[in-house]
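Report on the structure
The lines below spell out each chain.
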Amino acid sequence: MAPRGERVHVSRAKRMLESEKLLATVLLVPGLAILLIFIAYPFVMALWYSLTSIRVGDPGTFVGLANFTKAFNDTIFQNAFRNTVFYTFWATIFKFALGMWLALLLNRHFRFKRLIRASMLLPFIIPTVLSAFAWRWMFDPTFSVMNWVLFHSGIITDRLPFLSDGDWAMWCAVLVNTWRGMPFFAITLLAGLQTISPDLHEAAALDGANAWYRFWHVTWPLLMPVTLVVVVFSVIQTFSDFQLIYVLTGGGPANSTHLVATYAYQVGVASGLLGEGAALSLFMFPVLFAVVWMQLRFMKRMDGA
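Just so it is clear, the structure is predicted and the values come from calculations on it, not from any experiment.

Within the chain, the secondary structure is distributed over 15 helices and zero strands. Its C-alpha atoms give the chain a radius of gyration of 26 Å, more than 25% over the compact-globule value 19 Å for 305 residues. Dimensions of the chain, computed from C-alpha atoms along their principal axes, come out at roughly 95 × 75 × 40 Å. Classification of the 305 residues of the chain by burial places 33% in the buried group.

A word on a nonpolar patch on the surface. On the surface, Leu-32, Ile-34, Leu-35, Leu-36, Ile-37, Phe-38 and Ile-39 cluster together to form a nonpolar patch covering roughly 730 Å² of accessible area. Checked against the element boundaries, Ile-39 lands in helix H2 (residues 20-50). When its relative accessible area of 52% is taken as the criterion, Ile-39 is described as exposed.

For the rest of this paragraph, the subject is the pattern of salt bridges. Taken as a whole, this structure holds one salt bridge when the rule is applied. The residue Glu-276 makes a salt bridge to Lys-70 at a minimum N-O spacing of 3.0 Å. Residue Glu-276 is located in helix H14 (residues 274-282), and its partner Lys-70 is located in helix H3 (residues 66-72); the two are separated by 206 residues in the primary sequence. Overall, the relative accessible area of 18% leaves Glu-276 in the buried class.

Here we come to unusual backbone geometry. Geometrically, the link from Gly-252 to Pro-253 is a cis peptide bond, its omega value of 0 degrees lying close to zero. Residue position: Pro-253 is located in the loop between helix H12 (243-248) and helix H13 (260-270). Even without a glycine there, the phi angle at Ala-254 is positive, about 55 degrees. Examined against the element boundaries, Ala-254 turns out to sit in the loop between H12 and H13. Unlike most non-glycine residues, Asn-255 shows phi in positive territory, near 65 degrees.

The next thing to look at is the nonpolar core. Met-100 and Leu-189 are the most contacted members of the largest nonpolar core, which has 17 residues in total. The set of elements that each furnish at least two residues to this core consists of helix H4 (75-106), helix H9 (166-194) and helix H11 (211-239). Looking at this core element by element, the count peaks at six residues for H9. When neighbours within four sequence positions are excluded, Met-100 is seen to be in contact with Leu-189, Phe-215, Trp-220, Leu-223 and Thr-227. Phe-162, Met-170, Leu-244 and Leu-248 belong to the second largest nonpolar core, which has 16 residues in total.

Structurally, the position occupied by Phe-185 is in helix H9. Contacts of Phe-185, omitting those with residues within four sequence positions, involve Thr-92, Lys-95, Phe-96, Gly-99, Val-230, Val-231 and Ser-234.

Attention shifts here to the packing of aromatic side chains. Inspection of the entire model under this criterion finds 26 aromatic pairs. Ring centres 5.8 Å apart and planes at 85 degrees place the aromatic pair Phe-162 and Trp-168 in the edge-to-face group. The class for Trp-168 is partly exposed, based on a relative accessible area of 37%. Members of the aromatic cluster, each reached through a chain of ring pairs, are Phe-96, Phe-124, Phe-184, Phe-185, Trp-212, Phe-215, Trp-216 and Trp-220.

This part covers helix H7 (residues 128-138). Among all positions of H7, only Thr-128, Ser-131, Ala-132 and Trp-135 are buried. Within H7, the buried residues cover an arc of 100 degrees as seen down the axis, which keeps them to one side. Its buried side turned inward, H7 meets helix H8 (145-152), H9 and H12.

Counting through the fold element by element, Thr-227 comes out in helix H11. The class of Thr-227 is buried, set by a relative accessible area of 4%.

Within the fold, Thr-257 resides in the loop between H12 and H13. A residue is classified by how much of its surface remains accessible, and Thr-257, at 0% relative accessible area, is buried. For Thr-257, the side chain forms a polar contact with the side chain of Thr-249, separated by 2.7 Å. A polar atom in the side chain of Thr-257 sits 2.5 Å from the backbone oxygen of Gly-252.

Another aspect to go through is the environment of Val-291. By the secondary structure assignment, Val-291 is in helix H15 (residues 284-304). As a C-alpha pair, Val-291 and Ile-126 span 165 residues in sequence and 28 Å in three-dimensional space. Once residues within four sequence positions are removed from consideration, Val-291 is found in contact with Val-232 and Val-235.

Reading the values: rules and limits
Residues numbered from 1 in each chain as written. Predicted model: local features only at pLDDT ≥ 70, side-chain atom pairs only at ≥ 80, totals over all residues. Heavy atoms only, no water. Helix = DSSP H or I, 4+ residues; strand = E, 2+ residues; numbered from the N terminus. Rg over C-alpha atoms; globule rule 2.2 N^0.38 Å. Buried < 20%, exposed > 50% of the residue type's maximum accessible area, 1.4 Å probe, protein only. Patch = residues over 30% accessible without salt bridge, like charges linked within 9 Å, V, L, I, M, F, W, Y side chains within 5 Å. Areas by Shrake-Rupley, 256 points an atom, 1.4 Å probe, with all protein chains shown as cover. Salt bridge = Lys/Arg side-chain N within 4 Å of Asp/Glu carboxyl O. Core = buried A, V, L, I, M, F, W, Y, C linked by side-chain atoms within 4.5 Å. Contact = heavy atoms within 4.5 Å. Phe/Tyr/Trp six-rings, centres within 6.5 Å; stacked < 30°, edge-to-face > 60°. Arc of directions from axis to C-beta. Polar contact = N/O pair within 3.5 Å; in protein donor to acceptor, adjacent residues only side chain to side chain.

Here's what the structure looks like:
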């Protein structure tokens, strides 16, 4: 028979292993460590760098808000910020409209619907760099397959300046981002549509409601929470987009397609001005914080309604 002290020790260890608080702590520690190492620490370092004149090979000195003042008065940054808002707004509008249309189509019953639904994810799962390179080749001023098709079809008589003109290049970037992000909207909205009971549509149809009325008064209100979440995620991802623009245009021509992320990279990494680059990148934080805050308030209001 085990001594009394040993039995007490075993019983205490057993209670600790059965403790829900201990289990919760053990499960949360890895996730918390990842957040601290890969999110909190870089964010704090970016805040500190933005307040100093640090550059590659030089620790710099504390300069306060001088980097933010310089960035605010930088005409290239002002244009990059406008480009970012323009790019995010139109890309989100197109992704939502086309994603909703596809979700409604894919929600119907037809042959090979599972295969078609799976193929919808291809633009989203292909690495951004590879897809951007493919689109860059299609927009190439000399070897553009689009120019070749349009020219030989008689639609145009001269090559279109897809990436050699600032306005054209920005709309091309919006097009590529729409192509890439549309499946995320379509699949997510389709999942939301699957949760809506068909009985509601049947009841509305029996009352004489047409397809548009059923969508606007039955489908749309029930789909609103899912729509709000997917739009906010898309806005955050699009506003901070870097890879697509960097590969497609590199911010050109003549800095006309720079976004905040690409211009911050050019200043902070390519030019070695780490403090100024950190200040530029932090201009995205209040905008994205405001988007998330408005989403949470709107969802809380919907839950209370």
